[in-house]
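# Per-entry structural report
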Amino acid sequence: MKRIAIPALVLALCGGVLMSVLAQDAPKSSVVAAAAAPAAAASAEPAPDVVCFESRKGGATDVIQREIRPGWPNVKCSPTTGAVLWYGDPYDGTVPMGKMPQLEALPEGKAVVKPRTAKLNLAPMCGTACHNGVGPKFTPPTLPKDKRAKPTPTMAAMVPDLANLQHGRDRIWCLDCHHTTKRNMYVDHFGDPISMDQPQLLCGKCHGDKLRDWRDGIHGKRIGEFASNGKKRWFTCTECHNPHNVQDGARNKGFVQLQPETPPQLPKGMKSAAYEKTHPIAQH
Ligand code: HEC
Ligand code: HEC
Ligand code: HEC
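Read on for a plain summary of the structure. (Residues numbered from 1 in each chain as written. Chains lettered and ligands numbered in written order. Predicted model: local features only at pLDDT ≥ 70, side-chain atom pairs only at ≥ 80, totals over all residues. Heavy atoms only, no water.)

Considered for burial, the residues of helix α7 (residues 208-216) that qualify are L211, D213, W214 and R215. For α7, the elements touching its buried residues are α6 (199-206), β11 (222-224) and β12 (232-234). Of the residues trailing α7, G217 is marked for its positive phi of about 85°. (Buried < 20%, exposed > 50% of the residue type's maximum accessible area, 1.4 Å probe, protein only. Helix = DSSP H or I, 4+ residues; strand = E, 2+ residues; numbered from the N terminus. Contact = heavy atoms within 4.5 Å.)

Structure (structure tokens):
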């Protein structure tokens, strides 16, 4: 009994030290991890990863929690939803945004983004494995004349969101976004390719108003230095929107709703939030 208990205790303690960093802000997820730690330790396997998400769930914006230096995690996540709430380094994993019309005045490196291609499993293969120009089936030369969305069973089997493509409600389809011959690129209005790391250039060709708002900082999200000329990480369109199911869900509008965070903790001494309702902020 003793011979098993002592190493297990030691290992559990090691796990405890590691996890105590996370315990401060993420009680639930760290409890799960800490509870799993002794079991994992007993079978000499590393503790399971704590996986959080940034803005779009389902693997599209996953971040694995790790230490960027001792005691300093890359992210802290919500114990209720798993969403990233705090960054140890807002520029972790980013690259310069690349050319953006009307942002030329912004010095190189001040605007950074997380490359989307790192998150896409199929896209890097699309243009080489299947749509490689060999055989007419795999490289349709033109858009269908009626431009109506057509079922794509093979694709839907690989990307389930494509089974019921709602985007544009039948007015747009695959090759309005994906380049006809360079399948691991998007396409602009002139037929020229756009990098998959610059989805804003694709979305912006049709949603010009949103692109303008995004550029002005009214739509989307940026993190980093507070000063207006400081370095910031810009969230790109597809980090929040899944282009294949933007009009999905019962609302048939926007995107599938996220689980909201719980309300913030009440200030010290305040017993209930009813005060907020009986004393609303003055309207001028
Ligand atoms: C509104 C533009 C748009 C339309 C229409 C569209 N796509 Fe996409 N597609 C995208 C974007 C943007 C991405 C990358 C999403 C991301 O960054 O997460 C993508 C990703 C993909 C991927 C790669 C997925 C992966 O995980 O690597 C495939 C395959 C794909 N689309 C196929 C299709 C097919 C087939 C159709 C037509 C039935 C279609 N798409 C219609 C914009 C579109
Ligand atoms: C080829 C043109 C085209 C491109 C490219 C395109 N969209 Fe759309 N999008 C549309 C159309 C058309 C609609 C439908 C608008 C409507 O029904 O009112 C739409 C609808 C939407 C909606 C839903 C709007 C609502 O009212 O619910 C969102 C969100 C959206 N698009 C996001 C994107 C994002 C993000 C991208 C880039 C990945 C993108 N779109 C690329 C044409 C496009
Ligand atoms: C940080 C996340 C985020 C980013 C980045 C983002 N959006 Fe959105 N967008 C939203 C949210 C949230 C809504 C509201 C969705 C809803 O009502 O369901 C929205 C709504 C929209 C709509 C629908 C607006 C309407 O009138 O209903 C369009 C179109 C759109 N975004 C396009 C874009 C484009 C294009 C980009 C990139 C240039 C972009 N978004 C970047 C979060 C984001």
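Tallied over the entire structure, the rule returns 1 disulfide. The disulfide bridge from C52 ends at C77, spanning 1.8 Å between sulfur atoms. The S-S bond linking C52 to C77 shows a torsion near 75°; that makes this disulfide right-handed. Here C52, found in strand β1 (residues 51-53), pairs with C77, found in strand β5 (residues 75-77); they are 25 residues apart in sequence, far enough to count as distant. Each member of the pair, C52 as well as C77, is classed as buried. (Disulfide = S-S within 2.5 Å.)

A word on the site of ligand 1. Taken together, the neighbourhood of ligand 1 is formed by 21 residues, with R56, C174, C177, H178 and H244 sitting nearest. Here an oxygen atom of ligand 1 and a backbone polar atom of N121 are 3.4 Å apart. Note that a nitrogen atom of ligand 1 is positioned 2.7 Å from one of the side-chain N or O atoms of H178. (Near = heavy atom within 4 Å. Polar contact = N/O pair within 3.5 Å; in protein donor to acceptor, adjacent residues only side chain to side chain.)

Bringing the coordination of the iron atom of ligand 3 into the picture now. On the protein side, the iron atom of ligand 3 has H219 (NE2) and H241 (NE2) as donor atoms, found 2.0 Å from it. Its 6 donor atoms give the iron atom of ligand 3 angles of 88 to 180° at the centre, a pattern that matches the octahedral case. With H219 in the loop between α7 and β11 and H241 in the loop between α8 (237-240) and α9 (274-278), the pair connects residues that are 22 residues apart, well separated along the chain. Residue H219 is classed as partly exposed on the basis of its relative accessible area, which comes to 30%. Relative accessible area serves as the criterion here: at 27%, H241 is assigned to the partly exposed category. (Donors = N, O, S within 2.8 Å, 3.2 Å for Na, K, Ca; no water. Tetrahedral: all angles 85-135°; square planar, octahedral: opposite > 155°, others 65-115°.)

Moving on: the site of ligand 2. Residues in contact with ligand 2 amount to 20 residues; listed here are only the nearest, H167, C203, C206, H207 and G254. In the environment of ligand 2, a nitrogen atom lies 2.7 Å from a nitrogen or oxygen atom belonging to the side chain of H207. If you list the elements that add at least two residues to the shell around ligand 2, you get α5 (174-177), α6 and α8.

Interhelical geometry of α6 versus α7 gives an angle of 135° and a closest axis separation of 5 Å. Taken together, the axes of α6 and α7 are oblique relative to one another. Facing α6, whose interface residues are Q200, G204 and C206, α7 presents G208, L211 and W214. Here the contact of α6 with α7 is composed, by residue class, of 3 nonpolar, 3 polar and no charged. (Axes fitted to C-alpha atoms, helices over the stretch in contact; angles between N-to-C directions. Parallel < 35°, antiparallel > 145°, perpendicular 65-115°, else oblique. Nonpolar A, V, L, I, M, F, W, Y, C, P; charged D, E, K, R; others polar.)

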